[in-house]
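# Tertiary structure, described
Here's the letter readout for the chains.
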Amino acid sequence: MLLITIAACHNTYVPNKDLQLQIDSLKTQVNNAYKPGLGEFMSSIQVHHEKLWFAGNAQNWRLADFEIHEIIEAVDNIKQYTQDRPETKDIIMLQPAIDSLNNSIQQKNMQAFKQNFITLTNTCNNCHAAVNYNFNKIKIPDTPPFSNQVF
C-alpha cells in the first residue's frame, strides 16, 4: 500500500516537473534574448535630437512631432530595459524639457521651439555630467544627419 501511495504521489508531480522544465527553458530564452543597451538607446536619441532640430527649423511640425515622440519612446525604453544601469535613475531629469519642447511643437511656436530645444540639449549634458559621462557633450546640430531626407 505504501508503495502504491509513493508511486501515485510521484506521478502527480510529473506534469509539474514538465511544466517547470518548460518555464526554466523559457526563462533561459528570455535571459539570452537580445536587449538593447543604454548606448543603443542613447545613439537613437542623438539621431532623433538632430533630426528634430532640422524639422523644427524648417517648421515641418509633423516631422518634429514624430521625432519628439521617437525620443519619448527611447526614454521610455531606457526606463524599461536598462533598469540595471545606475544611470537610468537620472533619465527622469529630461522629462520637463521634453514636455516643454513637445508643447512648443504642438503650438507650432518657433521661438519656444528653439528655446526649449536649447533647454533639452543642456539638460542632456547636465544628465551626462550627473552620471559621469560629461565627456559626451551634445550640441545644437549644424549639419543635417542625412542627405537623403527633406526637412
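All of these numbers come straight from a predicted model, not from anything done at the bench. (Residues numbered from 1 in each chain as written. Predicted model: local features only at pLDDT ≥ 70, side-chain atom pairs only at ≥ 80, totals over all residues. Heavy atoms only, no water.)

## Description of the overall build of the protein chain
Test applied: Secondary structure elements follow DSSP: runs of H or I no shorter than four residues count as helices, runs of E no shorter than two count as strands, and numbering proceeds from the N terminus. The atom set for the radius of gyration is the C-alpha atoms, and the globule formula is 2.2 Å times the number of residues raised to the power 0.38. Partly exposed residues are those whose accessible area sits between 20% and 50% of the maximum for their type, while under 20% is buried and over 50% is exposed, using a 1.4 Å probe and protein chains only. Residue contacts are defined here by distance: any two heavy atoms, one from each residue, within 4.5 Å place the two residues in contact. Computed with a 1.4 Å probe, the accessible areas rest on the Shrake-Rupley method; for each residue, only the protein chains presented here act as cover. Charged residues are defined narrowly, with Lys and Arg counted positive, Asp and Glu counted negative, and His plus the chain ends left uncounted. Positions of charges follow a simple convention, taking NZ of Lys, CZ of Arg, CG of Asp or CD of Glu.
For the protein chain, the count of helices and strands is five helices and zero strands. Counting helices and strands in the order they occur from the N terminus, the protein chain gives α-α-α-α-α. For 151 residues, the compact-globule estimate of 2.2 N^0.38 gives 15 Å, and the protein chain exceeds it by more than 25% at 24 Å. Expressed as lengths along the three principal axes of its C-alpha atoms, the size of the protein chain is roughly 85 × 35 × 30 Å. The buried share of the protein chain, reckoned over its 151 residues, is 31%. Residue pairs at least 24 apart in sequence account for 67% of intrachain contacts in the protein chain once pairs closer than 6 positions are excluded. As presented, the protein chain carries roughly 10,000 Å² of accessible surface, and 56% of it is formed by carbon and sulfur atoms. A distance of 3 Å separates the average location of the 12 positive side-chain charges in the protein chain from that of its 14 negative side-chain charges.

## With respect to the side chain of Ser104
The cut-off we apply is this: Counted as a polar contact is a pair of N or O atoms within 3.5 Å, where, for protein atoms, one must be capable of donating a hydrogen and the other of accepting one, and residues adjacent in sequence contribute only when both atoms are in side chains.
The topology assignment puts Ser104 in helix 4 (residues 95–106). Here Leu101 takes part through its backbone oxygen, which lies 2.8 Å from a polar atom of the side chain of Ser104. The residues touching Ser104, leaving out its near neighbours within four places in the chain, are Asn109, Ala112, Phe113 and Asn116.

## Considering the confidence of the model for the protein chain
Detail in the predicted coordinates should be disregarded across regions flagged by low pLDDT. Condition: The predictor's confidence in any single residue is recorded as pLDDT, a number from 0 to 100.
The predicted model of the protein chain averages 90 in pLDDT, with 90% of residues at 70 or higher. Element-level pLDDT for the protein chain is lowest in helix 1 (residues 2–32), with a mean of 71, against a maximum mean of 98 in helix 4.

## Some remarks on the packing of helix 2 (residues 38–57) against helix 5 (residues 110–130)
Defined as follows: What counts as an axis is a line fitted to C-alpha atoms, over the stretch in contact for a helix, and the angles between N-to-C directions run from 0 to 180 degrees. Throughout, the term roughly parallel applies to angles under 35 degrees, roughly antiparallel to angles over 145, roughly perpendicular to angles from 65 to 115, and oblique to all others. Each crossing gets its handedness from the near helix: less than a right angle anticlockwise from the far helix is left-handed, clockwise is right-handed. Only Asp, Glu, Lys and Arg are considered charged in this grouping, and only Ala, Val, Leu, Ile, Met, Phe, Trp, Tyr, Cys and Pro are considered nonpolar; every other residue, Gly among them, is considered polar.
One way to put it is that helix 2 packs onto helix 5 with a least axis distance of 10 Å and a crossing angle of 165°. Judged on the interaxial angle alone, helix 5 and helix 2 are roughly antiparallel. Seen along the crossing, helix 2 lies across helix 5 with a hand that is left-handed. Between helix 2 and helix 5, the contacting residues are His49, Leu52, Trp53, Gly56 and Asn57 on the first element and Met110, Phe113, Lys114, Phe117, Leu120 and Thr121 on the second. The residue makeup of the contact of helix 2 with helix 5, split by class, is six nonpolar, four polar and one charged.

## Thoughts on the side chain of His48
Assignment of secondary structure puts His48 in helix 2. The residues touching His48, leaving out its near neighbours within four places in the chain, are Glu67, Glu70 and Ile71.

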